[in-house]
Amino acid sequence: MGQGWCTGPAFPSLPRMTGVATPLLDIRRIYCEPAAAALPRGAAVLARFPDAERIPVQSHWRIPALREGDPGDFLRPKRETLVLGVKQGLAFRPNGRSADFIAPSSSNGCAMACAYCYVARRKGHANPITVFANIEAILAATARHAAKLGPKPAPNQVDPAAWVYDLGENGDLSVDALISDNVRDLVALFRTLPHAKGSFATKWVNPALLGYDPQGHTRIRMSLMPPGLARLLDIRAAPVEARIAAIPELHRAGYEVQVNFSPVVLREGWEAEWDALFRMLDDALPDAVKTGLAAEVIMLTHNAALHEVNLAWHPKAEEVLWRPDIQEEKRSESGAANLRYRTSWKGRWLQRFRDLLAARMPYCQVRYAF
């Protein structure tokens, strides 16, 4: 890599961080665009999985075997399949919630199988990880965009000083770092950008991230929900207890760590569940993390098409996700039939959530909630 963005050996030996020992990935086939295989990062990914079957494809978006798979076979492609492609569009979209801008992604899809995942809603099936091999173009575009912006003129709810770029809108970068050095390169890039900060949400615990030396220029948003609910919905994700235990270690390694309470799923006893989570989090966090801690709060949005897919592989999840008695339909901009909690009640439930959080963790600022 050029411009000092890639530093140190890949996949270093690091102190063990409390997490999950069972491997997420057992890659047996790689769908690969020829242009991606020809790039240095693409070649490195292929070399990392030398025994995997290689299947040439013209486009990482048009793979019928993935798009039209058996809904009952939802988990196997996530574990065994990888896609290697070239990111075409390098546009930056204004955001204003998690970040100031959504950066061009270095991947798409995920090895985990959260039952409410909006990426699965968009793509229709299992959506395993696609790694984009043209990381140098993504890095260069990000550096140009940040340089053109210059210093941030005024604080906002995203950050008081830095322009924040969401790097993982369509995946989980902690998992992506198991596959390639794309995430390491992104963290290294933001070390060099004086007025910018990278950001991504995660539900995985990857000790390799402790060696990336972010120097405060990468924000990790640890996604949390009550442990019992996570065991039902966050399939293949790290246990909530492991995610919480990782927060102080990530902070000591130089990351800014915030939390996502997402999604807030309403069911009988939900207030007691979340109150217990807040107690657990408060007990685990050192004062250095509590100072300046901020959270995002996102109420569940579900989807009719995803509901049908889930019924084929994980119907128990739908007992809490699909609640027409307390939800109402709202059409998305793309015309999809989404279900959200009824407007007449949602505001009151959201305020009750915020009151619970303030009572247990008064130091935790809510950056936004919806």
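Structure: see above.
Criteria and cut-off values
- Residues numbered from 1 in each chain as written.
- Predicted model: local features only at pLDDT ≥ 70, side-chain atom pairs only at ≥ 80, totals over all residues.
- Heavy atoms only, no water.
- Helix = DSSP H or I, 4+ residues; strand = E, 2+ residues; numbered from the N terminus.
- Phe/Tyr/Trp six-rings, centres within 6.5 Å; stacked < 30°, edge-to-face > 60°.
- Buried < 20%, exposed > 50% of the residue type's maximum accessible area, 1.4 Å probe, protein only.
- Lys NZ or Arg CZ within 6 Å of the ring centre and 35° of its normal.
- Core = buried A, V, L, I, M, F, W, Y, C linked by side-chain atoms within 4.5 Å.
- Contact = heavy atoms within 4.5 Å.
- Pairing = 2+ DSSP bridges.
- Axes fitted to C-alpha atoms, helices over the stretch in contact; angles between N-to-C directions.
- Salt bridge = Lys/Arg side-chain N within 4 Å of Asp/Glu carboxyl O.

Some remarks on unusual backbone geometry
Only a minority of non-glycine residues have a phi that is not negative, and only a minority of peptide bonds are not trans. With omega at -15 degrees, the peptide bond leading from Ser 262 into Pro 263 counts as cis. The topology assignment puts Pro 263 in strand S13 (residues 256-264). The phi dihedral of Arg 236 is positive, around 75 degrees, even though this residue is not glycine.

Topic: the packing of aromatic side chains
One pass over the full model with this rule turns up 14 aromatic pairs. Measuring from centroid to centroid gives 6.0 Å for Phe 261 and Trp 274, while their planes differ by 90 degrees, and the two rings are edge-to-face. Taken together, the positions of Phe 261 in strand S13 and Trp 274 in helix H11 (residues 270-284) put the pair 13 residues apart, joining distant regions of the chain. Here the aromatic rings of Trp 345 and Trp 349 are separated by 5.6 Å at their centres, their planes lie at 65 degrees, and the arrangement is edge-to-face. A residue pair is termed a helical-turn pair when its members lie 3 or 4 positions apart in one helix, as Trp 345 and Trp 349 do in helix H15 (residues 343-360) at four residues. According to the relative accessible area criterion, Trp 345 is partly exposed, its value standing at 30%. Its relative accessible area of 21% is what places Trp 349 among the partly exposed residues. By the ring-pair criterion, three or more aromatic residues cluster together here, those being Phe 92, Phe 101, Trp 163, Tyr 165 and Phe 190. The aromatic ring of Phe 370 is capped on one face by Arg 97, whose charged end is 4.0 Å from the ring centroid.

With respect to the nonpolar core
Note that soluble globular proteins tend to have their nonpolar side chains buried in a common cluster. Counting residues in each nonpolar core, the largest one holds 101 residues, and the members touching the most others are Tyr 165, Leu 233 and Phe 261. When residues no more than four places from it in sequence are discounted, the contact partners of Tyr 165 are Phe 92, Ala 99, Phe 101, Ala 103, His 145, Ala 146, Leu 149, Phe 190, Ala 196, Lys 197, Gly 198 and Ser 199.

Structural notes on the sheet that holds strand S8 (residues 130-132)
Overall, mixed pairing links the five strands, which are arranged S2-S1-S3-S8-S6 in an open sheet. For this open sheet the edge positions go to strand S2 (53-56) and strand S6 (107-108), each flanked by a neighbour on one side alone. In the packing of helix H2 (residues 40-48) onto the sheet, the strands contacted are strand S1 (29-32), S2, strand S3 (81-85) and S8, and the crossing angle to S3 comes to about 160 degrees.

Focus: the pattern of salt bridges
Inspection of every chain in the model, using the stated rule, returns 26 salt bridges. For Asp 275, the salt bridge goes to Arg 360, with nearest N and O atoms at 2.7 Å. Taken as a pair, Asp 275 in helix H11 and Arg 360 in helix H15 lie far apart in primary sequence, 85 residues in all. Of the residues examined, Asp 275 reaches a relative accessible area of 15% and is grouped as buried. Exposure remark for Arg 360: the relative accessible area of 31% places this residue in the partly exposed category. Across the salt bridge formed by Asp 325 and Arg 323, the nearest N and O atoms sit 2.8 Å from each other. Judged by its relative accessible area of 42%, Asp 325 falls in the partly exposed class. For Arg 323, a relative accessible area of 13% gives the class buried. Three or more residues joined by partner-sharing salt bridges are found here, namely Asp 26, Arg 28, Arg 29, Asp 73, Arg 76, Arg 79 and Glu 80.

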